[in-house]
Amino acid sequence: MKFRQPYILLLVTSLLLSFFVYSVFSIDETFVLNQHTQLANDAVDAKINHPLTHTTIDTSKEINGIELHFANAEYRLLLPIIANILNINCRKLISIQFYLLPFFIFFITLFLFKETSDILLSVALSSTFISSYVYVCFLHHFPFFDGYALLMMSILLLIRNKYLLFILLLMSFFLDERMLLNSFLIILLRVYLQTKKITCRNIISFILQNKLFLYAWIIYLLLRLVLIFTCNFYVSPASYLFFNKTAIINNIRGGILAFFYTYKLWCVILLFNLYIAIKTEKYELYIILFGLILFIIASGIFMFDFSRIQLYLLPFMLLNIFLFSSYFTNKKTIRYLILIIFLINLVLPSKIIYGGFKNKTQNIIAIWSK
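Note that the structure is a prediction, hence the values are computed from the model and not measured.

(A) Molecular detail of the overall build of the protein chain. Within the protein chain one finds 20 helices and zero strands. In the protein chain, which comprises 370 residues, the share counted as buried stands at 54%. Put simply, of all contacts in the protein chain between residues at least 6 apart along the chain, 82% involve residues at least 24 apart. In the form shown here, the protein chain has an accessible surface area of approximately 17900 Å², with 67% of it arising from carbon and sulfur atoms.

(B) Region of the structure containing the layout of surface pockets. Reported here for the second largest pocket is a volume of approximately 360 Å³. Together, 21 residues line the second largest pocket, and A43, V44, K47, F70 and A73 are the ones closest to its centre. Those elements giving two or more residues to the lining of the second largest pocket turn out to be helix 2 (35-49), helix 3 (65-72) and helix 4 (78-86). It is helix 2 that provides the largest number of residues to the lining of the second largest pocket, a total of four residues. Residue composition of the lining of the second largest pocket, grouped by class: 12 nonpolar, five polar and four charged.

(C) Expanded view of a nonpolar patch on the surface. On the surface, L214, Y215, I218, I219, L222, L223, L225 and F229 cluster together to form a nonpolar patch covering roughly 750 Å² of accessible area. The topology assignment puts L223 in helix 13 (residues 211-230).

(D) Representation of helix 5 (residues 90-98) within the structure. Inspection of helix 5 places C90, L93, I94 and Q97 among the buried residues, and these make up the whole buried set. Taken around the axis of helix 5, the buried residues stretch over an arc of 100 degrees, which confines them to a single face.

(E) How the structure looks around helix 15 (residues 268-279). Given a rise of 1.5 Å per residue, 12 residues ought to cover 16 Å, and the 17 Å separating the end C-alpha atoms of helix 15 matches this to within 8%. Positive phi shows up at E281, right after helix 15, with a value of about 60 degrees.

(F) Examining the packing of helix 6 (residues 101-116) against helix 9 (residues 146-158) more closely. Running from amino to carboxyl end, helix 6 crosses helix 9 at an angle of 25 degrees, the nearest separation of the two axes being 9 Å. What the angle tells us is that helix 6 and helix 9 run roughly parallel. In the crossing of helix 6 with helix 9, the sense of the turn from one axis to the other is left-handed. Here F103, F104, F107, I108, L110, F111 and K114 of helix 6 lie close against helix 9, whose contacting residues are L150, L151, M153, S154, I155, L157 and L158. Looking at the contact of helix 6 with helix 9 residue by residue, the class counts come to 12 nonpolar, one polar and one charged.

Rules of the game
- Residues numbered from 1 in each chain as written.
- Predicted model: local features only at pLDDT ≥ 70, side-chain atom pairs only at ≥ 80, totals over all residues.
- Heavy atoms only, no water.
- Helix = DSSP H or I, 4+ residues; strand = E, 2+ residues; numbered from the N terminus.
- Buried < 20%, exposed > 50% of the residue type's maximum accessible area, 1.4 Å probe, protein only.
- Contact = heavy atoms within 4.5 Å.
- Areas by Shrake-Rupley, 256 points an atom, 1.4 Å probe, with all protein chains shown as cover.
- 1 Å grid on protein atoms, 1.4 Å probe; cavity = no way out; pocket = protein on both sides within 12 Å on 5 of 7 lines; lining within 4 Å.
- Points joined across faces, edges and corners; volume = space filled by probe spheres on them.
- Nonpolar A, V, L, I, M, F, W, Y, C, P; charged D, E, K, R; others polar.
- Patch = residues over 30% accessible without salt bridge, like charges linked within 9 Å, V, L, I, M, F, W, Y side chains within 5 Å.
- Salt bridge = Lys/Arg side-chain N within 4 Å of Asp/Glu carboxyl O.
- Arc of directions from axis to C-beta.
- Expected span 1.5 Å × (residues − 1).
- Axes fitted to C-alpha atoms, helices over the stretch in contact; angles between N-to-C directions.
- Parallel < 35°, antiparallel > 145°, perpendicular 65-115°, else oblique.
- Left-handed = near helix turned anticlockwise from the far one by under 90°.

The following block contains the structure:
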């Protein structure tokens, strides 16, 4: 019974945190026009009925971001194929996602407990995301399905069987292609947890020792090529190539604010970790962290929906949280600090994204025709 007590406590905590999210927060959909909801549902239902059918975009008229999103979702075949087999529609997939939150919180809390061996610290860390889009995205009534991807990510953090890991990696890539980035960040997190330091040599060594990550990436890209040639799928339909200075500035600004929207006060520890890395002369760690931060900022240039890509950066934030925690030898100190972060995160506004995603009009036709 003693062995089971931590897991029972973590499960109860997950249910309580989920209930709190369900009760207090509702998804802010002001950035998604209501008239697009039915269009999106119809697009997903069409993909469920015919998963391998090419999504056609009429480039003779103005293309909006919603249409482009579902063209890009051609490769997100896992859910449509499963829904086709189970004979369920888009609305059912959305309703199922609503109930996945307790499982996601449990897996994340369990992962934190396994790495810290501290129940209070694990629960406190999990609680800091209560008002974050990381949790709130599960309540989304629009068919983005990021909750499914986050659940898969939480399982990948826990899994150790290499064959099961390989299968789940491939499945996750076809759930959402941004899981490719997520899988690399999971590697980065695992390298730190195993070696307590991050260097290019350690990263390469880990990949060579765990070749199934490499095999999964290669096989996915080969299968993607097969879909391009056999099903006439788009190569990369949702890339926004901006040549307008104002558009680039607005996108970068939106991406930075979306990162704060998703992780709130935890974003500050990125700067703290950069400072400590320089102070302790860990220059390779500094370059890797700084490079990833630059990538996060730059990624906003090519995204229509800033907030959603930030969800897939969660392993990077967890890495920074572990780095942050390692600088404090006294457990009570780190607990108090995390309690303060929890309270601040809780009261910060849930939506501070520049422009509320409004006025996101780009000349997609000109780009597409090229």
